[in-house]
Amino acid sequence: MSAASQVNSHLHRAYAFRDLSDYSFKDRLLIRAAGLVFFTVIKLVGLTIRFEVEGWENWEAATRDAQVPIYTTWHNTIFLSTYFWRKRGIVLMSSRSFDAEYMERTIKRFGFGTVKGSSTRGHTGATVEMIRLIRAGHPGGFTIDGPKGPRYVAKMGAVLVAQKSGQPILPFTIATHKCWELQKTWDHTCIPKPFSRARVVIGPPISVPAGRDENLLARKQEELQQSLDHLERQGKEWRAAVS
């Protein structure tokens, strides 16, 4: 298979709905229905949100000279992150689970792609596939403390992908003026209330040089942690000011 054919194969796998033939008829119905319901809810609520953006110049810096950013945020912002960054072809890592099947269908309707893997299953293969897609010009994306936490602890995934792909990490967070916080979930997922205000706070891009310097990778992971912590504090300060 030629290099171009391989890229096309990866692209098709990333953005197309996955085959559900391994699931029972009932589960196939549930996956399709749940994917459509979640898409509809996110779209309808998202249409009512009044977004404000701080740090857009950092996005411009991360996309200058044909760069493709690796978007990085906390897991509990996934609802509004999906809506705000829609239709950009961002490729996310998806876990291998029943719930992931309908969530994949949800986000693919918003123009995202996925590669199968997580920090616990299929991680290496998914990381390699994501790097290939980024090198082909498709942005990457991480909910960096997922899929199971600890909450607000940045893992190494985005740093490794940035190192191998040569593309910058773009940290951001989204603070919502009014939301339902799901206390029983590990990340306290924020579901915005319709007609709320939301603040997207984007940090300066983080570049990771090529090489195998473990100390450098650890420093870059800490830099990402500090950046996201700072953005989270900015978001909380904004939320307190407008409440």
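Residues numbered from 1 in each chain as written. Predicted model: local features only at pLDDT ≥ 70, side-chain atom pairs only at ≥ 80, totals over all residues. Heavy atoms only, no water.

K.L.:
Sorry if this is basic, but what is going on with the overall build of the protein chain here?
P.N.:
Per the secondary structure count, the protein chain includes eight helices and nine strands. On C-alpha atoms alone, the protein chain measures out to a radius of gyration of 18 Å, which is about the 18 Å that the 2.2 N^0.38 rule sets for 243 residues. With the C-alpha coordinates aligned to their principal axes, the bounding extent of the protein chain is approximately 55 × 50 × 30 Å. Of the accessible surface of the protein chain, which amounts to about 12,200 Å², a share of 55% is contributed by carbon and sulfur atoms. If you average the places of the 34 positive and of the 22 negative side-chain charges in the protein chain, the two averages end up 6 Å apart. (Helix = DSSP H or I, 4+ residues; strand = E, 2+ residues; numbered from the N terminus. Rg over C-alpha atoms; globule rule 2.2 N^0.38 Å. Areas by Shrake-Rupley, 256 points an atom, 1.4 Å probe, with all protein chains shown as cover. Lys, Arg positive; Asp, Glu negative; His and termini not counted. Charge placed at Lys NZ, Arg CZ, Asp CG, Glu CD.)

K.L.:
Help me out: how do you make sense of the pairing of strand S3 (residues 91-94) in this one?
P.N.:
Sheet faces and side chains relate simply in a regular strand, where the side chains alternate between the two faces. As defined by bridge partners, S3 adjoins strand S4 (residues 113-116) across four bridges and the pair is classed as parallel. Paired with Leu-92 across the strands is Thr-114, a residue of S4. Relative to strand S5 (residues 140-143), S3 runs parallel, the two being bridged by two bridges. Along S5, the bridge assignment pairs Leu-92 with Gly-141. (Pairing = 2+ DSSP bridges.)

K.L.:
Is there a simple way to explain unusual backbone geometry in this structure?
P.N.:
In most cases, non-glycine residues show a negative phi, while peptide bonds are predominantly trans. For the bond running from Gly-146 to Pro-147, omega is 5°, close enough to zero to count as cis. Within the secondary structure layout, Pro-147 lies in the loop between S5 and helix H7 (157-165). For the bond running from Gly-149 to Pro-150, omega is 5°, close enough to zero to count as cis. Secondary-structure assignment places Pro-150 in the loop between S5 and H7.

K.L.:
So what exactly am I meant to see when it comes to the environment of Trp-85 here?
P.N.:
When you line up the elements, Trp-85 lands in the loop between helix H4 (78-84) and S3. Placed 25 residues apart in sequence, Trp-85 and Phe-110 show a C-alpha to C-alpha distance of 8.7 Å.

K.L.:
Just to check I follow, could you spell out the environment of Arg-88 for this structure?
P.N.:
By the element assignment, Arg-88 lies in the loop between H4 and S3. Owing to a relative accessible area of 32%, Arg-88 belongs among the partly exposed residues under this scheme. With 20 residues separating them along the chain, Arg-88 and Val-68 place their C-alpha atoms 10 Å apart. (Buried < 20%, exposed > 50% of the residue type's maximum accessible area, 1.4 Å probe, protein only.)

K.L.:
I'm lost on the nonpolar core in this one. Help?
P.N.:
Where a protein is soluble and globular, its nonpolar side chains tend to be buried together. Of all hydrophobic cores here, the largest spans 28 residues; its most connected members are Ile-144, Ile-169 and Leu-224. Not counting residues within four places of it along the chain, the set of residues in contact with Ile-169 comprises Ile-70, Thr-72, Ala-158, Val-159, Ala-162, Pro-204, Pro-205, Ile-206, Val-208 and Leu-224. Within the second largest apolar cluster, 22 residues are counted, among which are Trp-59, Leu-80, Tyr-83 and Ile-90. (Core = buried A, V, L, I, M, F, W, Y, C linked by side-chain atoms within 4.5 Å. Contact = heavy atoms within 4.5 Å.)

K.L.:
Got a minute to help me understand the sheet that holds S3 in this structure?
P.N.:
Read from one edge to the other, the open sheet built from seven strands follows the order S1-S9-S6-S2-S5-S3-S4, with strand pairing classed as mixed. Every interior strand has two partners, whereas the edge strands, strand S1 (50-54) and S4, have only one. Along the sheet, successive strands turn relative to each other by an average axial angle of 30°, direction set aside. This element, H7, spans strand S2 (70-73), S5 and strand S6 (169-176) of the sheet and lies at about 170° to S2. Against the sheet, helix H8 (residues 214-242) engages S1, S2, S6 and strand S9 (197-202), with an angle of about 25° to S6. (Axes fitted to C-alpha atoms, helices over the stretch in contact; angles between N-to-C directions.)

K.L.:
Is there a simple way to think about the pattern of salt bridges in this case?
P.N.:
Oppositely charged side chains may form a pair once their charged atoms are brought near each other. The tally for this structure, following the rule as stated, stands at nine salt bridges. Notably, a salt bridge pairs Arg-13 with Glu-129, separated by 2.9 Å at the nearest N-O pair. Placement of the pair is Arg-13 in helix H1 (residues 3-15) and Glu-129 in helix H6 (residues 123-135), with a sequence separation of 116 residues. Among the residues examined, Arg-13 registers a relative accessible area of 34% and is labelled partly exposed. In this structure, Lys-108 and Glu-104 form a salt bridge, with 3.7 Å as the shortest nitrogen-oxygen distance. Taken together, the residues Lys-108 and Glu-104, both in helix H5 (residues 98-109) and four residues apart, mark about one turn of the helix. In terms of burial, Lys-108 and Glu-104 fall into one category: buried. Sharing partners across several salt bridges, the network here consists of Arg-18, Glu-101, Glu-104, Lys-108 and Lys-116. (Salt bridge = Lys/Arg side-chain N within 4 Å of Asp/Glu carboxyl O.)

K.L.:
For this particular structure, what's the right way to read the pairing of S9?
P.N.:
Bridge count between S1 and S9: five bridges; the pairing is parallel. If you follow Glu-52 over to S9, its bridge partner there is Arg-199. For S6 and S9, the ladder comprises five bridges, and the chain directions are antiparallel. Considered in S9, the bridge of Ala-175 is made with Arg-199.

Such coordinate-based values are descriptive only and should not be taken to indicate function.
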